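Survey of secondary and tertiary structure
Listed below are the residues making up each chain.
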Amino acid sequence: MFSHPSSIYVHLPWCRSKCPYCDFNSHVLNDESRLNAYTKLITKDIENEAKKFKKSKLKTIFIGGGTPNLFGPINIAKIFDSININFHIEADCEITMEINPDSIKKTKLIEYRSVGINRLSIGAQSFNEKLLKSIGRDHSPKHIESVFKAANEVKFESINIDLMFGLPNQSRVMAKNDIKKIIDLSPEHISYYQLTIEPNTKFFYDKPNGLPSSDKQNLIQEDCLNLLEKAGYERYEISAFSKKNFECKHNLNYWKFGDYIAVGAGAHGKYRLTNDDMIRYQNASNPNIYMKNIISNKSSHKEKLLSNSDKIFEFMLNNLRLMSGFSIAHFESATGLKYDAIEKKLSELNNLNLIKYYPSGYWKPTALGFKFLDNLQCEFLKV
Ligand code: SF4
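Below, the structure is looked at part by part. Keep in mind it's a predicted model, so treat the numbers as computed, not measured. (Residues numbered from 1 in each chain as written. Predicted model: local features only at pLDDT ≥ 70, side-chain atom pairs only at ≥ 80, totals over all residues. Heavy atoms only, no water.)

Some points on the overall build of the protein chain
Let me state the cut-off plainly: Here a strand is any run of E in DSSP of at least two residues, a helix any run of H or I of at least four, and the numbering for each starts at the N terminus. Burial classification: accessible surface area is computed with a 1.4 Å probe over protein chains only, and a residue below 20% of its type maximum counts as buried, one above 50% as exposed, and the rest as partly exposed. Only four residue types enter the charge count: Lys and Arg as positive, Asp and Glu as negative, with His and the chain ends excluded. For charged residues, the charge sits on one atom: NZ in Lys, CZ in Arg, CG in Asp, CD in Glu.
Looking only at helices and strands, one finds 15 helices and 17 strands in the protein chain. If you line up the protein chain on its principal axes, its C-alpha atoms span 60 × 55 × 40 Å. Counting every position in the protein chain, which comprises 383 residues, the buried fraction comes to 52%. Between the averaged position of the 52 positive side-chain charges in the protein chain and that of its 43 negative side-chain charges there is a distance of 2 Å.

Let's talk about the sheet that holds strand β5 (residues 88-99)
Here is the rule we go by: The pairing criterion for strands is at least two bridges between them, as found by DSSP. Between N-to-C directions, angles cover 0 to 180 degrees, with each direction set by a line fitted to C-alpha atoms, over the stretch in contact for helices.
Reading across the sheet, the nine strands line up as β9-β10-β8-β7-β6-β5-β4-β1-β11 and stay open at both edges, with mixed pairing between neighbours. Every other strand in the sheet has two partners, leaving β9 (234-237) and β11 (261-264) as the edge strands with one partner each. When strand polarity is set aside, the average angle formed by the axes of neighbouring strands in this sheet is 20°. Taken together, the three bridges between β9 and strand β10 (residues 240-242) define a ladder with antiparallel strand orientation. Bridged to E234 within β10 is S242.

Focus on the packing of helix α3 (residues 106-115) against helix α5 (residues 141-154)
Let me state the cut-off plainly: Roughly parallel means an angle under 35 degrees; roughly antiparallel, over 145; roughly perpendicular, 65 to 115; everything else is oblique. Crossing chirality is assigned from the near helix's rotation relative to the far helix, an anticlockwise turn below a right angle marking it left-handed and a clockwise turn marking it right-handed. In this analysis, two residues are considered to be in contact whenever any of their non-hydrogen atoms come within 4.5 Å of each other. Think of it as three bins: nonpolar holds Ala, Val, Leu, Ile, Met, Phe, Trp, Tyr, Cys and Pro, charged holds Asp, Glu, Lys and Arg, and polar takes everything else, Gly as well.
It is the contact of α3 with α5, at a shortest axis distance of 9 Å, that shows an interaxial angle of 40°. For the element pair α3 / α5, the angle class is oblique. The way α3 lies across α5 gives a crossing that is right-handed. Residues K106, L109, I110 and R113 of α3 pack against V147, A150, A151, E153 and V154 of α5. Counted by class, the contact of α3 with α5 contains six nonpolar, no polar and three charged residues.

Below, the structure written as structure tokens:
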């Protein structure tokens, strides 16, 4: 009756403080005892999901937040054991955990590694002390370097570093220095995001001074692309760069509009029914409500049946981020729709030089299309 997603996302929603630009589902941790209680309940959530998706063979597990390393190795082990008992985990499963670099000790990393985490994602954001302060981050460049060094010694199979650009008063030279620093460290994967001011964030109501103009941001991005390319990184998604064969499999599944299971406060998942109906579901965002729902055996899901228009828009929202674009066969298998549904729109956008069909059989945004990706994606709202 259901599809059998091969990915699971686990959301751990707490942080030490709330960064002024953050619009993730993250909450300030005021009471450490909640970590144990939440761990217990999330294992119940995993059991509930496994009843529905018991045949799932997991190829990727992603523990994100929030700041997942607020949860010690014992709690992460309990979550991992629960996934292991309730699902089949493939031998080469990519198992990622996000961490924040402030004063995390090597011994803790050793324990996470022995629990089964094989990919680490470090939220560095910048190597410039002043810039880190300007975006409210508590860690220092030294913390990032020492965590990275320790993670390398512990031999995680792959390490990602998150970096941001377009920070208040960031010059081109500062941005280049960040990229040079990251190239020196040589992680397998780099996520490079532009700071955007989102509603419901502190920065939205109290905009920081000195945000770089869009022209400057474009130059910063060009510099970055050149440096990363020269250093052997391939840009495979609009914000993701990797060494060969180190693409993030979990995120690729999202970007290819695959199915995935979600557990934890605010986490959302997606699955299909045999007739190609597609369901998106989301847990209660507020950790208190999420926990109460699980305790009282109330479904913490809100479900939505995707319309054909939803499917097209969501497919494009994700697939157009990929440098490789998408094939017609993939569109049809991922959405259950016929190519006719998008043919006219693609031809219109092709005439505007925003998207192009390549002899390899793939539709990809042009350079102009990537530059105005938001607008290009929105064009598929009207299909
Ligand atoms: S550490 Fe990450 S998740 Fe937590 S508040 Fe800052 S940006 Fe948000």
